[in-house]
Amino acid sequence: GGDVAHSTDMAGGAVTGASYQLLQEGLDTFNRTPVELDDNMYHVNISAAGKDRPGLVAMLSRHIAREGGNVTMSKMVRLGEDFIIQMHVAVPPENAKQFCKSLKKRELSRELDIQTTKLTKRCSSKNSVFGMRIHCVGEDKPGMVALLSEKAASKGLSIENLTTSLRIGKTGNREFVIDAMVSSPNMADMENVDAIISDMSTL
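Focus: the pattern of salt bridges
Summed over the entire model, instances satisfying the criterion amount to eight salt bridges. The shortest N-O distance in the salt bridge between R66 and E107 comes to 3.4 Å. Note that R66 is positioned in helix α3 (residues 56-66) and E107 in helix α5 (residues 106-109), a separation of 41 residues in sequence. It is possible to trace a salt-bridge network through shared partners that takes in K51, E81 and D82.

Quick look at the pairing of strand β4 (residues 70-79)
Judged from the eight bridges that link them, β4 and strand β5 (residues 82-91) form a sheet pairing that is antiparallel. Bridging from a neighbouring strand, L79 pairs with D82 of β5. A loop of two residues connects β4 with β5, the two strands running antiparallel in sequence, and G80 in this loop sits at a positive phi of about 65°.

Notes on α3
Listed as buried for α3 are L56, M59, L60, H63 and I64. Projected down its long axis, α3 shows its buried positions confined to an angular sector of 125°, all on one face. Along α3, the residues that are exposed and aim more than 90 degrees away from the buried face are R62 and R66. Those residues of α3 hidden inside the fold are in contact with β3 (42-51), β4, β5, α4 (96-102), α5 and β6 (113-119). Of the residues trailing α3, G68 is marked for its positive phi of about 90°.

Re the sheet that holds β3
Sheet strands associate in pairs through backbone hydrogen bonding, adopting either a parallel or an antiparallel arrangement. In spatial order, the strands read β4-β5-β3-β6; together these four strands make up an open sheet with antiparallel pairing. Edge positions in the sheet fall to β4 and β6, since each of these pairs with one other strand and no more. Direction aside, neighbouring strands of the sheet carry axes that sit 15° apart on average.

Conventions we followed
Residues numbered from 1 in each chain as written. Predicted model: local features only at pLDDT ≥ 70, side-chain atom pairs only at ≥ 80, totals over all residues. Heavy atoms only, no water. Salt bridge = Lys/Arg side-chain N within 4 Å of Asp/Glu carboxyl O. Helix = DSSP H or I, 4+ residues; strand = E, 2+ residues; numbered from the N terminus. Pairing = 2+ DSSP bridges. Buried < 20%, exposed > 50% of the residue type's maximum accessible area, 1.4 Å probe, protein only. Arc of directions from axis to C-beta. Contact = heavy atoms within 4.5 Å. Axes fitted to C-alpha atoms, helices over the stretch in contact; angles between N-to-C directions.

Nothing here speaks to function; it is geometry throughout.
Below, the structure written as structure tokens:
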């Protein structure tokens, strides 16, 4: 949540006709991800992909639970004939090696291409002092994600979370939707938040 810092505006420039909304966010959203919340656990990112069928999620999630893993944040989506899975899993450190090894078992690997990455806690010096949630809707065309991310980077803002989707608008046209959460660890940015919001809303 958070207070509305900038109402919906029409964004000009390369994203002609896009509606744009900025909301100021509470800092816990950015500074207390599951990786930061529990220092006593080993944190793993699991990326998996395979041919879609009923039961893929049940198979993987049951295996994770059986091996002592706890799924916190996750995103799963069907794209064409494939099913894509992204998960954060917390595991007791003493079980971490065996847990990661278990994901290579044939019962999983014959259907899913699984990759794991160890996750580490962000150092406190990089904690956010302010953050924003951005919601942008516009014509579906190449370059919208690049434009928004370049604009955020130019203002020293770090992308914490970004999702995109397609939808059919009220006029029947296909629309591209971006939802992003961006933050900054710089006190100067917090003091100039109104100027940053104004600049970010003129894509």
